[in-house]
Amino acid sequence: MEAARLPFFVYGTLRPGGPNHDLFLRGRTRSEVPARLTGAVLYAGPGYPYAVEEPGGVVAGEIVTALPEAYDDLLAALDRLEGYVPGDPRNLYDRVARTAVRDADGAPVRAWVYVAAPAVAARLRARGSPIEGGTWPVR
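Residues numbered from 1 in each chain as written. Predicted model: local features only at pLDDT ≥ 70, side-chain atom pairs only at ≥ 80, totals over all residues. Heavy atoms only, no water.

Caption draft 1: Examining the overall build of the protein chain more closely. Counting its secondary structure elements, the protein chain contains 3 helices and 5 strands. Counted from the first residue to the last, the protein chain has its helices and strands arranged as β-α-β-β-α-β-β-α. Taking 14 Å as the expected radius of gyration for a compact globule of 139 residues, we find that the protein chain reaches 14 Å, a close match to that expectation. In terms of overall dimensions, the protein chain has a C-alpha envelope of 40 × 35 × 30 Å along the principal axes. Counting the 139 residues in the protein chain, one finds 48% classified as buried. A fraction of 68% describes how many contacts in the protein chain between residues 6 or more apart in sequence connect residues 24 or more apart. As displayed, the protein chain has an accessible area near 7300 Å², and 55% of this comes from carbon and sulfur atoms. When the 16 positive and 16 negative side-chain charges of the protein chain are each reduced to one mean point, those points stand 3 Å apart. (Helix = DSSP H or I, 4+ residues; strand = E, 2+ residues; numbered from the N terminus. Rg over C-alpha atoms; globule rule 2.2 N^0.38 Å. Buried < 20%, exposed > 50% of the residue type's maximum accessible area, 1.4 Å probe, protein only. Contact = heavy atoms within 4.5 Å. Areas by Shrake-Rupley, 256 points an atom, 1.4 Å probe, with all protein chains shown as cover. Lys, Arg positive; Asp, Glu negative; His and termini not counted. Charge placed at Lys NZ, Arg CZ, Asp CG, Glu CD.)

Shown next, in the form of structure tokens:
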């Protein structure tokens, strides 16, 4: 089954200024706009964050729209970066379609987002450190 060509919601190292932004996104995007993902809480991981789906949470990030000619390569590169393999129970992240909201105008946008896989999410909920305010610090 071919994946829908949705934009991506990024919230961690792929955000502008983050260590993976230039490596993966530079020259491959048409737009990157600030947005919020509701229904998720941000947790600190070992050098990178996890969005864990939880009611009432909000995660800050950007909606990234890929250039059409770069989409397939970018999707594959992001899946590799996040260690995501469809259906693999060992995934740290799952790629799921969710609705993010653009900060500028409040418009909802369906986007791919990498969220903590179920086993990782359970561990984070039990003993992880939520990031206050839902914003990963970009250096």
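Caption draft 2: Representation of helix α2 (residues 71–81) in the model. Within the sequence span of α2, burial applies to Y71, L74, L75, A77, L78 and D79. In the core, the buried residues of α2 are packed alongside β1 (8–10), α1 (21–24), β3 (49–66), β4 (93–102) and β5 (108–116). Among the residues trailing α2, G83 stands out with phi positive, at a value near 65 degrees.

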